Every structure is written in C-alpha cells, then in structure tokens.
Amino acid sequence: MTEETQEDQSRHFWNAAADDTSRGLVPGMLEEDAEFAAFRDRSEKSTLLRRLGDRLRPNMSLLEIGCGSGRWTVDLAPRVRRLVATDIAPRMIDLARERVRAAGLDNVELQVAPFEETRYDRRFDFVYLGCCLQYMSDEAIAVALERLAANTTPDCPLLSRDTVSTLDRRFHRSERYANDDPAIYRTADEYAAVMARHGWQAIDSWPTWVKPWAWKIVGHMPRVVRGAWLRLALWLTPLALRLSRPGDKQHRFFLYERRETPPT
Ligand SMILES: C[S@@+](CC[C@H](N)C(=O)[O-])C[C@H]1O[C@@H](n2cnc3c(N)ncnc32)[C@H](O)[C@@H]1O
C-alpha cells in the first residue's frame, strides 16, 4: 500500500474535522467549547485588524489560502474589492460557501485547491495564509511560493498565521500530543528562511491569541459569571499576549513584504 503524503493526510484530517459534529468541534478551529471558540475568534481578529491598520484597502484583490470554514473570509471580504479563498479540503469549502452566502457577500470566489497546485488568473495585492503552511511538506511549500511570486503585485504584503515551535527544532504534533492532527510545527527561523528564499522579507510578527490561564475554571462557573469573565478576558487580551510564556508552541502572525531581488 502506498503511504499517504503530508498533503493527503491534511486533506483527510480537515475533511473529517468539518464533519465531526459528534465531538461538537467548531469547524476550522478544533475547539470543542463554542463559547471559548467565539472568544478566541474575536481576540484574534481584533488584534489583527488593529495591527494591520491601513495595509488592507478597499481597492485590493485579496488571496486567502487555507480559508477553512470561512471564518476569516467573511470578515476580510467587506474590507476589499475582491477575495479569492481556497482550501485543500472540499468539506471546508462547503462550510465556507454557506458562511459567505449567509453573510450576503458577492465579492468572494471559493475554490477547492491545494496551495501548491493553485492556478491564478490575476495578480493579488494582499495574500493571507490561514495556518496552512504547517499542514504542508517543505517541498509543497517551495512549489507553492514559487508559483505565488509571479501572481502578486510588487508591494503586496503577505500575512501568514502559523503555529510555531518554541523549542529549538521543528516537531510533528503527533510526537508530543496524542491525536491524529498531522501538523508540523516549524521554528520561526525556518519560516523566515524559506520565505526569504522566495523573496518575502519578514517585517513584523506577533502572537495571535493565548488561552487565559483562568479559562480552566470558567467551565465550573455559573453562566452569568461566565459572560462577565469572557468580557474581562477579551479586554485583557493585549496584556495577556504581552505576558504570555509559550510552552512548546505558539500561534503567531507573520507579516512579510516583497523584496526587490530575492537573495541568491
Ligand atoms: C488550522 S485550519 C485554519 C482554517 C482557517 N484559516 C481558520 O483560521 O479558521 C488549516 C486549513 O488549511 C487547509 N490546508 C491544509 N493544507 C493545505 C494546502 N496544501 N493547501 C490549501 N489549504 C490547506 C486545511 O484544510 C484547513 O482548512
């Protein structure tokens, strides 16, 4: 029997996650607690939009890779002229399509496509990689970035959300956590190096969210106190991000700019 490639494993894992209503997973987030997932979603987005400032503009054409269930798509699309969102997992694109329809957006195009095989019919002004690099092999990342380069405008920013290893080496999630998630957690330096080889210079990076330590006790709180805690936690997010001490991995945004001449 032929062994599954990294990309096959990722497709199967995310297709299954999209359909996994038995564990009550929030699609695209792998969170089981819907209230916490909503908190995380809001804190990630408010941190990002504050940080991006006017880098995202209404006349832009935006490419989102690894859009999952479309939770970012519906927030980003109203801020740009056109958004093309892709994902390797067909079931994720089904969910994204439902979400886009419910939001009444008419400037979004959705495609089932692996990043490394995506064909482009236009140049993009902004690229967002939604935590998909960690599901790809080194070879697939190299092919994908090579193709992308020819399809971005000269001053196109690239924003990538990645879970990075805070150890001094990459590791497969399955090495340290007992589940079938095929993620590879590379170090931030590995990402910087591969991006630089393809002409992208890292200009900024920041943590996307942290699980507030007190979240563990929230589950035991009466509902009314829970709501108050959630509001407080959201308000304290910038402080929590500053004080956070990651364990073996951290969720980070990386912002890159195109460099005129890629290094040889
Ligand atoms: C961690 S999820 C994030 C989904 C979404 N960006 C979000 O934040 O809710 C990673 C997504 O990347 C997709 N993905 C994995 N490998 C990919 C590839 N080679 N090309 C495109 N998408 C990929 C998965 O199917 C999954 O939907």
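Residues numbered from 1 in each chain as written. Predicted model: local features only at pLDDT ≥ 70, side-chain atom pairs only at ≥ 80, totals over all residues. Heavy atoms only, no water.

Draft legend 1. Spotlight on the overall build of the protein chain. The helix and strand inventory of the protein chain stands at ten helices and nine strands. Sequence-distant contacts, at least 24 apart, represent 74% of the contacts inside the protein chain between residues at least 6 apart. When the accessible surface of the protein chain is split by element, carbon and sulfur atoms take 52% of a total near 13400 Å². (Helix = DSSP H or I, 4+ residues; strand = E, 2+ residues; numbered from the N terminus. Contact = heavy atoms within 4.5 Å. Areas by Shrake-Rupley, 256 points an atom, 1.4 Å probe, with all protein chains shown as cover.)

Draft legend 2. Spatial organisation of the state of the cysteines. This structure, assessed with the given rule, holds zero disulfides. Not part of a disulfide, Cys-131 finds its nearest cysteine sulfur in Cys-132, a span of 8.2 Å. Look at Cys-131 and you get buried, because its relative accessible area is 15%. (Disulfide = S-S within 2.5 Å. Buried < 20%, exposed > 50% of the residue type's maximum accessible area, 1.4 Å probe, protein only.)

Draft legend 3. Spotlight on the site of the ligand. What surrounds the ligand is a group of 21 residues, the closest being Gly-66, Arg-71, Asp-87, Phe-115 and Arg-161. Note that a nitrogen atom of the ligand is positioned 2.7 Å from one of the backbone N or O atoms of Gly-66. Separating a nitrogen atom of the ligand from a backbone N or O atom of Gly-130 is a distance of 3.0 Å. In the complex, the protein chains occlude 98% of the 590 Å² of accessible area that the ligand would expose alone. (Near = heavy atom within 4 Å. Polar contact = N/O pair within 3.5 Å; in protein donor to acceptor, adjacent residues only side chain to side chain.)

Draft legend 4. Here's a closer look at the packing of aromatic side chains. Evaluated as defined, the whole model comprises eight aromatic pairs. Look at Trp-72 and Phe-253: their rings are 6.0 Å apart centre to centre, the planes differ by 85°, and that puts the pair in the edge-to-face class. Of this pair, Trp-72 sits in the loop between strand S1 (61–65) and helix H3 (73–76) while Phe-253 sits in strand S9 (residues 249–258), and the two are 181 residues apart along the sequence. Of the residues examined, Trp-72 reaches a relative accessible area of 4% and is grouped as buried. In textbook terms, an aromatic cluster arises when at least three aromatic residues are bridged by ring pairs, as seen for Trp-72, Tyr-128, Trp-206 and Phe-253. One residue, Lys-45, lies across the ring of Trp-72, its end atom 5.6 Å from the ring centre. In this structure, Arg-173 packs its charged tip against the face of Tyr-177, placed 4.6 Å from the ring centre. (Phe/Tyr/Trp six-rings, centres within 6.5 Å; stacked < 30°, edge-to-face > 60°. Lys NZ or Arg CZ within 6 Å of the ring centre and 35° of its normal.)

Draft legend 5. Summary view of the pairing of strand S2 (residues 82–87). A large share of S2 lies buried, amounting to five of its six residues. Pairing analysis gives five bridges linking S1 to S2, with the strands arranged parallel. In the strand pairing of S2, Ser-61 is matched with Arg-82. One ladder, built from five bridges, connects S2 with strand S3 (residues 108–112); its direction is parallel. When the sheet's bridge partners are listed, Thr-86 is paired in S3 with Gln-111. (Pairing = 2+ DSSP bridges.)

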